[in-house]
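The primary structure of each chain is shown beneath.
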Amino acid sequence: MAEIGRDLEKAASLLRRGEVIGIPTETVYGLAGNALLDESILKIFEVKQRPQFNPLILHTWSVEQIQAFVSILPKQVHDLAQQHWPGPLTILLPKSSIVPDLLTAGNERVAIRIPNHPLTLSLLKKLDFPLAAPSANPFGYISPTTADHVADQLGPIIPYILDGGSTTVGIESTIIGWEAEGGFKLYRHGGLEPKEIERITGPLSRIPSSAKPQSSGMLKSHYAPTAALFVGEIEELWSTYASPRTAVLSFQKSYSFVSDKQQFILSEKGDIREAARNLFAYLRRLDNGDFDTIIADYVPDEGIGQAINDRLERAQHEHKPDHS
């Protein structure tokens, strides 16, 4: 079983030997390995049971470091970095020759970010290589937001989990891509609101989900609990799925027709960021409970609420077109 601790030297030593470990970020916990070593990248795919056509994100600790991994670094990236790195922003950029094709699933661009977690930033500074770090969970399942979540799913097959406490954002990073014709496009809603990015980049058009994704988190079905999840109007869904084994996951509202033991509220005060922090933890809690069905409503579809709705859409039992 994986050891859980805060020993940076041990974590660094394991990574230098080509092992993969759990690490904290402000978004979700990652399954980290040497991003420049095919052996480590393959271990990540094997541990997660993740298809190799789904690219990984490269994590480093400074813009100066990034220059080694890309062939073009547009000026706007420096402006974005000054405002939003470290933070929940990932940028797709043309890759340099030292970045393995295995990391990018053969794409000519690499997804890069600087995570905003003091332990992981300290770890990255100890290493002479960047880290590939998708979410530390079996492929397609709910992303982990605590070290214990990682241990529950991957503990028997990884040696160490660096414990940085509960994540502060709770959903994955926002992904944008710099396009060959110039400008940026939005590939995934996440922990940074698009309007904050657009102050630097201008309007972002959305890239749709894909069977052959150009970046992480673009598959139509993802982030899913084992229990069947349905998203829409709670009253309507309850009339169809009501049973003692159905849980209600709402943004803010409680329902008199549902037992208190069966309903869970993401934010009683209607705080969208609190809802984001709670989303994956609540889905995991319900999935580990006495429920075989979960019904949920959408949150206000603005700012980080777009990212929450995106995750709910992808986690649905029967996937529907994007709500956002």
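You'll find the structure just up there.
Predicted model only: the values in this text are computed from it and were never measured.

Enquirer: Can you lay out the pattern of salt bridges for me, pointing to particular residues and giving the numbers?
Expert: On inspection of all chains with the given rule, the structure shows 16 salt bridges. Of the charged contacts in the structure, one is a salt bridge between Glu-19 and Lys-43, with a shortest N-O distance of 3.6 Å. Linking Glu-19 in the loop between helix 1 (8-16) and strand 2 (21-23) with Lys-43 in helix 2 (residues 38-48), this pair joins segments that are 24 residues apart in sequence. Across the pair Asp-292 and Arg-245 runs a salt bridge, and its minimum N-O distance is 3.0 Å. Residue Asp-292 is located in the loop between helix 10 (272-287) and strand 15 (293-296), and its partner Arg-245 is located in the loop between helix 9 (234-241) and strand 13 (246-250); the two are separated by 47 residues in the primary sequence. The partly exposed category is assigned to Arg-245, whose relative accessible area is 41%. Salt bridges linked by common partners bring Glu-172, Arg-206, Asp-310, Arg-311 and Arg-314 together as one network.

Enquirer: So what's going on with the sheet that holds strand 14 (residues 263-265)? Residues and values would help.
Expert: Strands sit in the order 12-15-13-14 across an open sheet of four strands; the sheet is parallel. In this open sheet, the two edge strands, each paired with only one partner strand, are strand 12 (228-231) and strand 14. Mean inter-strand twist for the sheet, computed between neighbouring axes without regard to direction, equals 20°. The sheet contact formed by strand 13 and strand 14 spans three bridges and is parallel. Directly across from Ser-250, in strand 14, lies its bridge partner Ile-265. Relative to the sheet, helix 9 contacts strand 12, strand 13 and strand 15, its axis offset from that of strand 15 by approximately 160°.

Enquirer: An account of the environment of Thr-145 is requested, with residue identities and associated values reported.
Expert: Looking at the element boundaries, Thr-145 is found in the loop between strand 7 (131-132) and helix 7 (147-154). Among the residues examined, Thr-145 registers a relative accessible area of 4% and is labelled buried. Through-space distance from the C-alpha of Thr-145 to that of Leu-229 is 20 Å; in sequence the pair is 84 residues apart. Leave out the neighbours within four places in its chain, and Thr-145 touches Val-28, Tyr-29, Gly-165, Ser-166, Thr-167, Gly-170, Phe-280 and Ala-281.

Enquirer: Explain helix 6 (residues 118-126) to me, and be specific about the residues and the numbers.
Expert: Helical geometry note: an α-helix holds 3.6 residues per turn, so side chains three or four residues apart project in the same direction. Every buried residue of helix 6 is accounted for by Leu-119, Thr-120, Leu-121, Leu-123 and Leu-124. Where helix 6 is buried, its residues contact helix 1, strand 2, strand 4 (57-59), strand 7 and strand 8 (160-162).

Enquirer: I'd like a rundown of helix 10, residues and numbers included.
Expert: The end-to-end C-alpha separation of helix 10 is 22 Å, in line with the 22 Å expected for 16 residues at 1.5 Å each. Along helix 10, the sharpest change in direction is near 40° and occurs at Asn-278. By the burial criterion, the buried members of helix 10 are Ala-275, Ala-276, Asn-278, Leu-279, Phe-280, Tyr-282, Leu-283, Arg-284, Leu-286 and Asp-287. Where helix 10 is buried, its residues contact helix 7, strand 13, strand 14, strand 15 and helix 11 (304-315). With a side-chain oxygen lying 2.9 Å from the backbone nitrogen of Arg-273, the N-terminal cap of helix 10 falls on Asp-271.

The rules behind the values
- Residues numbered from 1 in each chain as written.
- Predicted model: local features only at pLDDT ≥ 70, side-chain atom pairs only at ≥ 80, totals over all residues.
- Heavy atoms only, no water.
- Salt bridge = Lys/Arg side-chain N within 4 Å of Asp/Glu carboxyl O.
- Helix = DSSP H or I, 4+ residues; strand = E, 2+ residues; numbered from the N terminus.
- Buried < 20%, exposed > 50% of the residue type's maximum accessible area, 1.4 Å probe, protein only.
- Pairing = 2+ DSSP bridges.
- Axes fitted to C-alpha atoms, helices over the stretch in contact; angles between N-to-C directions.
- Contact = heavy atoms within 4.5 Å.
- Expected span 1.5 Å × (residues − 1).
- Bend = angle between axes of the 7 residues up to and from the residue.
- Polar contact = N/O pair within 3.5 Å; in protein donor to acceptor, adjacent residues only side chain to side chain.

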